[in-house]
Amino acid sequence: MSWRAIARKDVQDARRSYWLWGLTVVLSGVLSIVPVLMMIGLIQFSQPQDGPAVTTDFYLGIMLEILVFLVPIVAIVLAYASITDERDSGSLKLLLSLPHSRLDVVEGKTVGRWVVVTVAILIAFVVAAVALLATPLEFALGNYVGFALLTAVLGLAFVGLSVGFSAAADTSRQAMIGTVTMFVLFSLVWGRFVDGLRSLLANNTGLGPETLVPLDLFVRILNPTQAYRTLALSLFSGDPLAARVSLVGGGGLQGQFTRMGFAQTLGESVPFYLSDPAVAFVLVFWAVAIPLAGYWVFEDADL
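Anyway, here's the lowdown on the structure attached to this text.

## Looking at the overall build of the protein chain
Right, on to step 1. Regarding its fold elements, the protein chain presents 13 helices and 0 strands.
Right, on to step 2. In the protein chain, the succession of α and β elements from N to C terminus is α-α-α-α-α-α-α-α-α-α-α-α-α.
Right, on to step 3. Taking 19 Å as the expected radius of gyration for a compact globule of 303 residues, we find that the protein chain reaches 21 Å, a close match to that expectation.
Right, on to step 4. Expressed as lengths along the three principal axes of its C-alpha atoms, the size of the protein chain is roughly 65 × 60 × 30 Å.
Right, on to step 5. Buried residues in the protein chain amount to 45% of all 303 residues.
Right, on to step 6. Across the protein chain, the fraction of contacts at a sequence separation of at least 24, relative to all contacts at a separation of at least 6, is 81%.
Right, on to step 7. Taken as a whole, the protein chain presents about 14,900 Å² of accessible surface, with 67% of it coming from carbon and sulfur.
Right, on to step 8. Distance between charge centroids for the protein chain: 8 Å, based on 17 positive and 21 negative side chains.

What follows is the structure in C-alpha cells.
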C-alpha cells in the first residue's frame, strides 16, 4: 500500500531532524527529573515500615499532570505542518504525481508522525525507568508499561488532529492556528464549558442528577486530554468510577463534596458509555475522525 511508503519516508526524514531528537531529550529530561532528584537526595523518600510499599504509580501520578499538557504540544510541533510544508514547497505535487492518492498522503503522514512521536515517548520512558531503578520506589512494571502505551495513544490522538488540520489548511500558519486553538480549548476551556452546560440544563430543564451527572461526565471524556487522564487514573486505581468522578469538582472541600455527589448518583458502577473501553474509543476517534475530515477538504483542494 502506498501510504506505507509515505509513512516510511516520513520516519526516515524525521531521524535526521533536530526536532525529533530535541523533543526526545526534553521528554526524557522531564520524565527523569523526579527520580534523579530522589537519587541525589534533594527529594527525601523512604518506604513505610508498615503497610503497602509505595510503587512507581506514585511517580506516574505526578507525571500524568505534566504529560497531559506536554505530549499534545510535542505531537502538534511534529505534525501540524506535515502536509502544508510539502504543499508550500511544491513537493506535494511531485508526491501526488507518483502512484499515491491524497488519502494515501493523509494516512501515511498520520502513521509516520505517530511513529515519530511514539519513539520519542518510549525512549523517554525507558530513560526514566533506568533512573527509577535507583530509587526506593517499588517498580510496578505492568502499570508503567500500560501508562507508557496510553501516553503513546494520547500522542496518536493529537497527531491525528494535527495532520487533519494540516490537510485542510492552505498554509502552515493556518494549520498551526487551528491545532493550537483546539489545544487551548481542550486544556483551558472545556471544563468550564461543561460546568456551564450542566448549570444551564439544571436551571432551565426538568432534568435531574440521574441524567445530568452521566451527561456531564460523558461530555468531559469527549476531550482527549481528559479521556487520557481518567484512563490513567483507572489504570493506577483499578476503579473506573473513582477515575471518572475525579474529572469534576476541583480542589478543596467543595470539590470533594461534588465528587461524592457524582459517585452516589452513579451508584456502584459506571454505565457502558463511561467505561474504560468507551473512553479509549474517544482517543482513537480523534486519531481517525479528524484526519478523515481533513482529507474530505484536502480531496477537493486546488494545489
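## What about the nonpolar core?
Right, on to step 1. In this structure, Tyr 59, Leu 67, Phe 125 and Phe 147 are the most contacted members of the largest nonpolar core, which totals 74 residues.
Right, on to step 2. When residues in this core are grouped by element, the largest group, 13 residues, is from helix 3 (residues 56–79).
Right, on to step 3. With residues near it in sequence (within four places) discarded, Phe 147 still touches Leu 60, Leu 64, Leu 67, Phe 125, Tyr 228, Ala 232, Leu 235 and Phe 236.

## Remarks on the pattern of salt bridges
Right, on to step 1. What the rule picks out here adds up to 11 salt bridges.
Right, on to step 2. Here Asp 10 ties to Lys 109 by a salt bridge, and the two come within 3.0 Å at their closest N and O atoms. Here Asp 10, found in helix 1 (residues 2–15), pairs with Lys 109, found in helix 6 (residues 102–132); they are 99 residues apart in sequence, far enough to count as distant.
Right, on to step 3. Put simply, Arg 220 and Asp 195 hold a salt bridge, and the shortest N to O gap is 2.4 Å. Placement of Arg 220 in helix 9 (residues 209–221) and of Asp 195 in helix 8 (residues 172–204) is noted, with a sequence separation of 25 residues between them.
Right, on to step 4. Judged by its relative accessible area of 5%, Arg 220 falls in the buried class.
Right, on to step 5. Given the relative accessible area of 33%, Asp 195 is considered partly exposed.
Right, on to step 6. Via salt bridges that share partners, Asp 10, Glu 86, Lys 109 and Arg 113 belong to a single interconnected network.

## Remarks on the side chain of Ser 166
Right, on to step 1. Looking at the secondary structure, you find Ser 166 in helix 7 (residues 141–168).
Right, on to step 2. By relative accessible area, Ser 166 is classed as buried at 0%.
Right, on to step 3. Polar contacts involving the side chain of Ser 166 include one to the main-chain amide nitrogen of Ser 82, which spans 3.5 Å.

## A word on the environment of Asp 10
Right, on to step 1. Of the residues examined, Asp 10 reaches a relative accessible area of 5% and is grouped as buried.
Right, on to step 2. Between the alpha carbons of Asp 10 and Val 115 there is a distance of 9.3 Å; along the sequence they are 105 residues apart.
Right, on to step 3. Those residues in contact with Asp 10, other than ones at most four positions away along the chain, are Lys 109, Gly 112 and Arg 113.

What counts and how
Residues numbered from 1 in each chain as written. Predicted model: local features only at pLDDT ≥ 70, side-chain atom pairs only at ≥ 80, totals over all residues. Heavy atoms only, no water. Helix = DSSP H or I, 4+ residues; strand = E, 2+ residues; numbered from the N terminus. Rg over C-alpha atoms; globule rule 2.2 N^0.38 Å. Buried < 20%, exposed > 50% of the residue type's maximum accessible area, 1.4 Å probe, protein only. Contact = heavy atoms within 4.5 Å. Areas by Shrake-Rupley, 256 points an atom, 1.4 Å probe, with all protein chains shown as cover. Lys, Arg positive; Asp, Glu negative; His and termini not counted. Charge placed at Lys NZ, Arg CZ, Asp CG, Glu CD. Core = buried A, V, L, I, M, F, W, Y, C linked by side-chain atoms within 4.5 Å. Salt bridge = Lys/Arg side-chain N within 4 Å of Asp/Glu carboxyl O. Polar contact = N/O pair within 3.5 Å; in protein donor to acceptor, adjacent residues only side chain to side chain.

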